Amino acid sequence: MPGGRRGLVAPQNTFLENIIRRSSSQPDSSFLLANAQIVDYPIVYCNETFCKISGFNRAEVMQKSCRCSFMYGDLTDKDTIARFEESLEDQNQDQFEILLYKKNRTPLWLLLHLAPIKNEKEVVVLFLLTLRDITALKQPIEADDNRASLSKFAKLARSVTRSRTVLASQFASNVSGVKENGKQSNIAHYQMMSLSSDVLPQYRQEAPKTPPHILLHYCAFKAIWDWVILCLTFYTAIMVPYNVAFKNKTSEDVSLLVVDSIVDVIFFIDIVLNFHTTFVGPGGEVVSDPKIIRMNYLKSWFIIDLLSCLPYDVFNAFDHDEDGIGSLFSALKVVRLLRLGRVVRKLDRYLEYGAAMLILLLCFYMLVAHWLACIWYSIGLSDADNGVTYSWLWKLGNITQTPYSYLWSNETMSPILVGGPSRKTMYVTSLYFTMTCMTSVGFGNVAAETDNEKIFTICMMIIAALLYATIFGHVTTIIQQMTSATAKYHDMLNNVREFMKLHEVPKALSERVMDYVVSTWAMTKGIDTDKVENEASV
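Description of the structure in this document. Please read all numbers here as calculations on a predicted model, not as lab measurements. (Residues numbered from 1 in each chain as written. Predicted model: local features only at pLDDT ≥ 70, side-chain atom pairs only at ≥ 80, totals over all residues. Heavy atoms only, no water.)

### Focus: unusual backbone geometry
Cut-off, in case you're wondering: Secondary structure counts use DSSP, requiring at least four H or I residues in a row for a helix and at least two E residues in a row for a strand, with both numbered from the N terminus. Relative accessible area decides the class of each residue, using a 1.4 Å probe on protein chains only: under 20% of the type maximum gives buried, over 50% gives exposed, and in between gives partly exposed.
The phi angle at Q91 is positive, at roughly 55 degrees, despite the residue not being glycine. Along the polypeptide, Q91 turns up in the loop between α4 (78-90) and β3 (94-101). Residue class for Q91 comes out partly exposed when judged on its relative accessible area of 31%. Here the phi dihedral of Q401 falls at roughly 60 degrees; this positive angle occurs in a residue that is not glycine.

Rendered as structure tokens:
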């Protein structure tokens, strides 16, 4: 399932991530990445270390040429510049020393390593310029009068305190790649090579390597499993309020008890899977380390998921006290609604699908109506239990010719409410009232009569107004997005027809133009190819 959160939620290129991680462990290492597909090879990324040693901020460096001509000065060797440009044009790997200038025009000696980076098709798409400040290893540039007779290059060609071989070998050891399980990772592709080596770095798509017992959170099994959990979450959100409001004991219905137990087991399995599923880290990388995964889950959603999976029906099956501990366990079923958190945390995945999001919004609207219907019934039953004979539930019993009555109980030494409409009739009527209030002002055949009912109706109308505006506003946007391509197509055709009519284009030519427009749209589907290519090339 495609992820809504942008980052490494699908197999992504981890090249830049590995360079940054490797560079962060070496304070004196800096690098530039340049686009090899565009003229002048603009810089597309530079790390913080380069900004510190050069004095330029990132905004000043980005999109400038990787030739670093903005850092050239009077003493920058022309032959070195020519060699640099030749390596870029020929897409060759090279390493050399060059004198550049900081933003404040202070000389800066750099050991520069140029490496072309290829993609899966063996096409060079990027240039990686790794730089190291070697100014401390150079003798100061002399500007004395007695040295004025020397040429610029002679001044720069002073002996270094260390040999070039030692310096290059030290640099190579610092930026060499790492190995995992006896195989080189993609960091090893851009380790410091000898100039005679024909091995070039690679820029390619790599799936994260995970242990055998760790699931990738975007794999096909996890995608199907998430949809199953979504359906079971809605089942829980429907049945739990209904069972609590209508005092429907699952322990008395074997089939319902079995279904709820199976659902509890599935949610418990989901907890186990969450301990073995990768997640996206703060830097956008896929975290596959088992210890980090477990600690992250324990600190985030574990407690909520565990509370929502406790078998409250099993606890309630051993206690038949309506007003004691059994009533408490019945009320604790509401804790299962915490399972909705599973939908919230994965909502970004469903945002990728317009139709799916449309269905989810409508289902959520109906779900809220269902919850309000259960509360509405509970208020009517509570008023009737307290002796109020003009509540909506009492009137419903009279209309359906199944009136309520009170029967004296010797056990409780108080009257109890008996009779009344069927459970189906009461629920349908409750849902009918909440839907009419949420979508309009109601029709009056079911109305609030008692103070409790009126207070609840006021609150419900306020909530419904906000919910209606939010949900159906999103629904309108989604439908517009789904039909935007068709609307754009018809708008384009109308503009072409109006143009033909305005300029009195001959019929034969007009038909040819229309055929061209229609056939072009059929092939491109209205996609601006140039715009997409420009965005992809940046």
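### Comments concerning the packing of helix α16 (residues 392-399) against helix α17 (residues 423-439)
Here is the rule we go by: With axes taken as lines fitted to C-alpha atoms, and helix axes fitted only over the stretch in contact, angles between N-to-C directions fall between 0 and 180 degrees. The cut-offs work like this: below 35 degrees is roughly parallel, past 145 is roughly antiparallel, 65 to 115 is roughly perpendicular, and the gaps in between are oblique. In this scheme the crossing of two helices becomes right-handed for a clockwise turn of the near helix relative to the far one and left-handed for an anticlockwise turn of less than a right angle. Should any heavy atoms of two residues lie within 4.5 Å, those residues are considered in contact. Polar here means any residue other than Ala, Val, Leu, Ile, Met, Phe, Trp, Tyr, Cys and Pro, which are nonpolar, and Asp, Glu, Lys and Arg, which are charged; Gly is therefore polar.
For the pair α16 and α17, interaxial distance at closest approach is 11 Å and the crossing angle is 125 degrees. Relative to α17, the element α16 lies oblique. Helix-helix and strand crossings are classified by hand; for α16 and α17 the assignment is right-handed. Where α16 approaches α17, its residues W392, L393 and L396 are matched on the opposing element by T425, M426, T429 and S430. Looking at the contact of α16 with α17 residue by residue, the class counts come to four nonpolar, three polar and no charged.

### A few points about the nonpolar core
The nonpolar side chains of a soluble globular protein tend to be buried with one another. So the rule is basically this: In these notes, a set of buried Ala, Val, Leu, Ile, Met, Phe, Trp, Tyr and Cys residues joined through side-chain atoms within 4.5 Å is what counts as a nonpolar core.
Formed by 44 residues in total, the largest nonpolar core has its most connected members in F246, W376, Y377, W392, L393, M426 and M438. Top element by residues in this core is helix α15 (residues 354-385). It accounts for 16 residues. With sequence-adjacent residues up to four places away left out, M438 is seen in contact with Y365, V368, A369, L372, A464, L467 and Y468. Counting residues in each nonpolar core, the second largest holds 30 residues, with A36, C51, M71 and L131 among its members.

### Examining the sheet that holds strand β4 (residues 107-118)
Rules: In this scheme, strands are said to pair when DSSP sees at least two bridges between them.
Across the sheet, which stays open at both edges, the five strands sit in the order β2-β1-β5-β4-β3 with antiparallel pairing between neighbours. Of all the strands in the sheet, just β2 (43-46) and β3 have a single pairing partner and so form its edges. For this sheet the average axis-to-axis angle between neighbouring strands, irrespective of direction, equals 25 degrees. Inspection of the sheet shows strand β1 (residues 29-35) paired to β2 by three bridges, in the antiparallel sense. Its bridge partner being in β2, L33 is matched across the sheet by Y45. Packed on one face of the sheet, α4 meets β3, β4 and β5 (124-133) and runs near 130 degrees to β3.

### Quick look at the packing of aromatic side chains
Formally: Ring pairs are drawn from Phe, Tyr and Trp, using the six-membered ring of Trp, whenever the two centres fall within 6.5 Å, and their geometry is named by plane angle: stacked under 30 degrees, edge-to-face over 60, tilted for the rest. By the criterion adopted, a ring carries a charge over it if an Arg CZ or a Lys NZ lies within 6 Å of its centre and within 35 degrees of its normal.
Across all of its chains, the model carries 21 aromatic pairs by this definition. Ring geometry for F56 versus F70: centroids 5.2 Å apart, planes at 90 degrees, classification edge-to-face. Placement of the pair is F56 in the loop between α2 (48-54) and α3 (58-61) and F70 in the loop between α3 and α4, with a sequence separation of 14 residues. Ring pairs connect the aromatic residues Y242, F246, Y377 and Y427, which therefore count as one cluster. Sitting over the ring of F70, K64 keeps its end group 5.7 Å from the ring centre.

### Remarks on the pattern of salt bridges
Using the following cut-off: Criterion for a salt bridge: a side-chain nitrogen of Lys or Arg within 4 Å of a carboxyl oxygen of Asp or Glu.
Across all of its chains, the model carries nine salt bridges by this definition. Among the ionic pairs, R58 bridges to E48, the shortest N-O distance being 3.1 Å. Of this pair, R58 sits in helix α3 while E48 sits in helix α2; the two residues are 10 residues apart in sequence, bridging distant segments of the chain. On the basis of relative accessible area, E48 is assigned to the partly exposed category, the value being 47%. Here E122 and K118 are joined by a salt bridge, their closest N and O atoms 3.9 Å apart. One network of salt bridges, with partners in common, ties together D40, R67, E85 and E89.

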